[in-house]
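Residues per chain, in single letters:
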Amino acid sequence: MSDEPQTEDPMVAALLREREGLKQRGLDDRVKQVDEQLKFYGYRPRRAAAKEPAPPAPPTPPEGPEAGAPKGRQQQTTQKT
């Protein structure tokens with residue numbers, strides 16, 4: 001999981017975790033207060049990190065003769081002699 005703060009400063013790491021929890025709970029006024037503390041400690045967020053990541057694209061179905069083949073365990077046929 002890459003949500004862990006990427007910093008050496010334990011205070012900044014703690015503030016980032018607190019900020020995320022406050023943001024999830026919708027406490028925007030507290031988020032602003034934590035942002036002020038982050039600024040005080042010299043933390044500057046990256047622009048790319050501020051954006052929400054795009055959801056992954058849905059998988060495309062396979063084409064060709066194997067398109068309808070079931071996934072998972074294969075049935076084995078036994079030869080009768």
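Keep in mind the model is a prediction, meaning the values are calculated, not measured.

Peer 1: Account for the nonpolar core, naming residues and giving values.
Peer 2: One finds V12, L15, L16, L22, V31, V34 and L38 forming the largest nonpolar core, which totals 7 residues. Taken together, the elements giving at least two residues each to this core come down to α1 (10–25) and α2 (28–40). Per-element accounting of this core gives the leading share, 4 residues, to α1.

Peer 1: A description of a nonpolar patch on the surface should follow, citing residues and the corresponding values.
Peer 2: A cluster of nonpolar side chains, M11, F40 and Y41, forms an exposed patch at the surface whose accessible area comes to about 330 Å². Residue placement: Y41 occurs in the loop between α2 and α3 (47–50). Residue Y41 is classed as partly exposed on the basis of its relative accessible area, which comes to 35%.

Peer 1: An account of the pattern of salt bridges is needed here, citing residue identities and associated values.
Peer 2: Across all of its chains, the model carries 2 salt bridges by this definition. The closest approach of N and O atoms between R30 and E18, which form a salt bridge, is 2.6 Å. With a gap of 12 residues between them, R30 in helix α2 and E18 in helix α1 connect regions that are remote in the sequence. Taking relative accessible area as the criterion, R30 reaches 31% and is therefore assigned partly exposed. The partly exposed category is assigned to E18, whose relative accessible area is 33%. The closest approach of N and O atoms between R19 and D35, which form a salt bridge, is 2.5 Å. In this pair, R19 sits in helix α1 while D35 sits in helix α2, placing the two residues 16 residues apart along the sequence.

Peer 1: I'd like a rundown of α1, residues and numbers included.
Peer 2: Across its 16 residues, α1 extends 23 Å between first and last C-alpha, which sits within 8% of the 22 Å expected from 1.5 Å per residue. Listing the buried residues of α1 in full gives V12, A13, L15, L16 and L22. Packing partners of the buried residues in α1 comprise α2. Backbone geometry just after α1 places G26 at a positive phi near 80°.

Peer 1: Break down α2 for me, citing the residues and quoting the values.
Peer 2: Given a rise of 1.5 Å per residue, 13 residues ought to cover 18 Å, and the 19 Å separating the end C-alpha atoms of α2 matches this to within 8%. If you check which residues of α2 are buried, you get V31, V34 and L38. Down the axis of α2, the buried side of the element spans an arc of 65°, and every buried residue falls inside it. Pointing more than 90 degrees away from the buried face of α2 are the exposed residues D29, K32, E36, K39 and F40.

Rules used in this analysis
Residues numbered from 1 in each chain as written. Predicted model: local features only at pLDDT ≥ 70, side-chain atom pairs only at ≥ 80, totals over all residues. Heavy atoms only, no water. Core = buried A, V, L, I, M, F, W, Y, C linked by side-chain atoms within 4.5 Å. Buried < 20%, exposed > 50% of the residue type's maximum accessible area, 1.4 Å probe, protein only. Helix = DSSP H or I, 4+ residues; strand = E, 2+ residues; numbered from the N terminus. Patch = residues over 30% accessible without salt bridge, like charges linked within 9 Å, V, L, I, M, F, W, Y side chains within 5 Å. Areas by Shrake-Rupley, 256 points an atom, 1.4 Å probe, with all protein chains shown as cover. Salt bridge = Lys/Arg side-chain N within 4 Å of Asp/Glu carboxyl O. Expected span 1.5 Å × (residues − 1). Contact = heavy atoms within 4.5 Å. Arc of directions from axis to C-beta.

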